[in-house]
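Descriptive structure summary
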Amino acid sequence: MNKSDFKILKVFASSLKNRQFLNLPTLSQYSNLSQSLIEHHLKRLVKFGLISKSNIGYTLLVTGLDIYVLKILSNKNIITAIGPQIGIGKEAEVYLAHDSLQQDKILKMFRLGRSSFKQIKRKRDVNAGTNSWLLLNIETAKKEYDILTYLKDSSASFPSPLYRSFHCIVMEPIYGSRLSDIENLDYPELVLEKIISNMTIAYRKGYINGDLNEYNILVNDDNIFILDWPQAVRVDSTNADVVLTRDVNNIIKFFSRKFEIEREIYNIINIIKGK
Ligand SMILES: Nc1ncnc2c1ncn2[C@@H]1O[C@H](COP(=O)(O)OP(=O)(O)OP(=O)(O)O)[C@@H](O)[C@H]1O
Ligand SMILES: [Mg+2]
């Protein structure tokens, strides 16, 4: 990949909101490269699976946006190396990465709606909807980044966000194990109290996580960290009570099942709401 490849990817990335397909004249106009040079680069980009060609023009693929974002992050020395994948879920791929000072960072690349997108692709065999799919992932990354930034100054334990580019977030790492993977806790009551206290802090600041369960909590000694905020809802939204009840229910069921701690759901909801 060279400078001109990235210039062309940049035109695609910058036009995501407005156009699904780009043609040679448009690409030439925005990149200041000749049409013949662009044609040469487009061939490479298609071959690498970064963009695709159809009879109505060229369109950016997920891998193309991934590569473009990684280039931005490395130019800014935010991420200069990527290590093992530490999480893969319905919504994102999470990697351990390094910055230019060899410090650990976390890179979360959103992949929301991956399976439904694959179905669309399979059915129509074109890249229908790639842009709207990418835009959905960009919006979701933005939402999580904004919420984490907003929650950052609270005394609670949520991941510290560092940077967002398109559909990717860079965060500080949290060293710990998923609550779901832990067999024994010395003081499970204390861990439960800390979860409730962090939920209370988020609630006071206006948010309910909305996907709280043992997979989205990391535990390090007796400290807990609540991850995964893109689906958070505001406490004043119409479904806030339903979402809060579900979150609390997930947690008390887990502690009952695994540590035989029984807590009353409405008692915890009242604590979180400060009643
Ligand atoms: N800041 C972080 N520090 C350390 N590990 C992290 C961090 N953020 C995410 N992870 C790891 O990556 C996993 C997935 O992250 P997250 O829950 O944010 O994404 P997700 O798309 O919801 O994944 P899933 O659908 O599996 O829940 C986490 O369970 C955790 O193991
Ligand atoms: Mg998760």
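What counts and how
- Per chain, residues are indexed from 1 in the order of the written sequence.
- Chain labels run from A onward and ligand labels from 1 onward, assigned in the order the entries are written.
- Predicted model: local features are reported for residues with pLDDT of at least 70 only, side-chain atom pairs are reported and counted for 80 or more only, and whole-chain, interface and lining totals are derived from all residues.
- Each side-chain value is derived from all of the structure's non-hydrogen atoms; neither hydrogens nor water enter the calculation.
- Paired strands, as defined in this entry, are two strands with at least two bridges between them according to DSSP.
- Each helix is a run of H or I in the DSSP string that is no shorter than four residues. Each strand is a run of E no shorter than two, and both are numbered from the N terminus.
- Under this scheme, a helix contributes an axis fitted over its contacting stretch, all axes are lines through C-alpha atoms, and angles between N-to-C directions fall in the 0 to 180 degree range.
- Contacts are residue-level and defined by heavy atoms, with any inter-residue pair within 4.5 Å sufficient.
- Near residues are defined by distance, with any heavy atom within 4 Å of the molecule or strand qualifying the residue.
- In the analysis that follows, any N or O atom pair within 3.5 Å is treated as a polar contact, provided that within protein one partner can donate a hydrogen and the other can accept it, and provided that, for residues neighboring in sequence, both atoms belong to side chains.
- The protein chains shown are the only cover counted for residues, whose accessible areas, like all others here, come from Shrake-Rupley with a 1.4 Å probe.
- The rule is simple: put a 1 Å grid over the protein atoms alone, call a set of points where a 1.4 Å probe fits but cannot get out a cavity, call an open set with protein on both sides within 12 Å along at least five of seven lines a pocket, and count a residue as lining if it has an atom within 4 Å of a point.
- The rule for placing a molecule in a cavity or pocket is simple: more than half of its atoms must lie within 2 Å of the grid points.
- Gly is placed with the polar residues, together with every amino acid not listed as nonpolar (Ala, Val, Leu, Ile, Met, Phe, Trp, Tyr, Cys and Pro) or charged (Asp, Glu, Lys and Arg).
- Marked domain ranges trace back to an automatic or database domain assignment.
- By definition, pLDDT measures how confident the predictor is in each residue, and it falls between 0 and 100.
- Aromatic rings from Phe, Tyr and Trp, with only the six-membered ring used for Trp, were paired whenever their centres fell within 6.5 Å, and each pair was classed as stacked if the ring planes differed by under 30 degrees, edge-to-face if by over 60, and tilted otherwise.
- Three exposure classes are used, based on accessible area relative to the maximum for each residue type with a 1.4 Å probe and protein chains only: buried under 20%, partly exposed in between, and exposed over 50%.
- In these notes, a set of buried Ala, Val, Leu, Ile, Met, Phe, Trp, Tyr and Cys residues joined through side-chain atoms within 4.5 Å is what counts as a nonpolar core.

1. What about the sheet that holds strand β5 (residues 104-110)?
- An order of β3-β4-β5-β7-β6 is seen for the five strands of this open sheet, with the pairing classed as antiparallel. Of all the strands in the sheet, just β3 (81-88) and β6 (161-165) have a single pairing partner and so form its edges. Neighbour-to-neighbour, the strand axes of the sheet open up by a mean angle of 25 degrees, direction not taken into account.
- Pairing of β6 with strand β7 (residues 168-171) involves four bridges; the strand directions are antiparallel. When the bridges of β7 are listed, Arg 164 appears paired with Ile 169.
- Contacting β3, β5, β6 and β7, helix α4 (residues 62-75) runs over the sheet at an angle of about 130 degrees to β6.
- Sheet contacts for helix α6 (residues 130-151): β5, β6 and β7; angle to β6, the most-contacted strand, approximately 160 degrees.

2. As for the site of ligand 1
- Within the structure, ligand 1 sits among 21 residues, and Ala 92, Lys 108, Ile 174, Asn 216 and Asp 228 are positioned closest to it.
- Within the backbone of Tyr 215, one N or O atom sits 3.5 Å away from an oxygen atom of ligand 1.
- At 2.9 Å from an oxygen atom of ligand 1 is found a side-chain nitrogen or oxygen belonging to Asn 216.
- Protein chains bury 92% of the 600 Å² of accessible surface belonging to ligand 1 in isolation.
- Taking a 2 Å distance to the grid points as the criterion, the majority of the atoms of ligand 1 fall inside the largest pocket.
- Per element, the largest residue contribution to the shell around ligand 1 is three residues, and it comes from β3.
- Along the lines of polarity and charge, the residues of the shell around ligand 1 split into twelve nonpolar, three polar and six charged.
- In terms of domain composition, the shell around ligand 1 takes at least three residues from each of domain 2 (74-173) and domain 3 (177-273).

3. What about the side chain of Asn 137?
- Its place among the elements puts Asn 137 in helix α6.
- Separated by 2.6 Å, the side chain of Asn 137 and the backbone nitrogen of Leu 112 make a polar contact.
- In contact with Asn 137, other than residues within four places in its own chain, are Phe 110, Arg 111, Leu 112 and His 167.

4. Description of the pairing of strand β11 (residues 223-226)
- Sheet analysis places strand β10 (residues 217-220) next to β11, joined by four bridges and oriented antiparallel. Across the sheet, Ile 217 pairs through a bridge with Ile 226, a residue of β11.
- Between β10 and β11, which pair antiparallel one after the other, the connecting turn spans two residues, and Asp 221 there sits at a positive phi close to 50 degrees.

5. Side note on the confidence of the model for the protein
- Summary statistics for the protein give a mean pLDDT of 92 and a share of 94% for residues scoring 70 or more.
- With pLDDT under 50 throughout, residues 123-127 is counted as low confidence; its partners more than four residues away or in other chains account for seven contacts.

6. Structural notes on the packing of aromatic side chains
- Under the definition given, this model contains six aromatic pairs.
- Measuring from ring centre to ring centre gives 5.8 Å for Tyr 150 and Tyr 207, while their planes differ by 70 degrees; the resulting arrangement is edge-to-face. Taken together, the residues span a long stretch of sequence, with Tyr 150 in helix α6 and Tyr 207 in strand β9 (residues 207-208) at a distance of 57 residues.
- For the pair Phe 158 and Trp 229, a centre-to-centre distance of 4.9 Å together with 75 degrees between the ring planes defines the contact as edge-to-face. With Phe 158 in the loop between α6 and β6 and Trp 229 in the loop between β11 and β12 (233-234), this residue pair connects regions lying 71 residues apart in the sequence.
- Note on Phe 158: relative accessible area 9%, which makes it buried.

7. Let's talk about the nonpolar core
- Core analysis: the largest hydrophobic core is formed by 47 residues, its most contacted members being Ile 195, Trp 229, Val 248 and Phe 255.
- Per element, the largest residue contribution to this core is nine residues, and it comes from helix α8 (residues 240-259).
- Each of domain 2 (74-173) and domain 3 (177-273) accounts for three or more of the residues forming this core.
- Core analysis: the next-biggest nonpolar cluster, separate from the first, contains 35 residues, Ala 13, Leu 16, Leu 60 and Val 62 among them.

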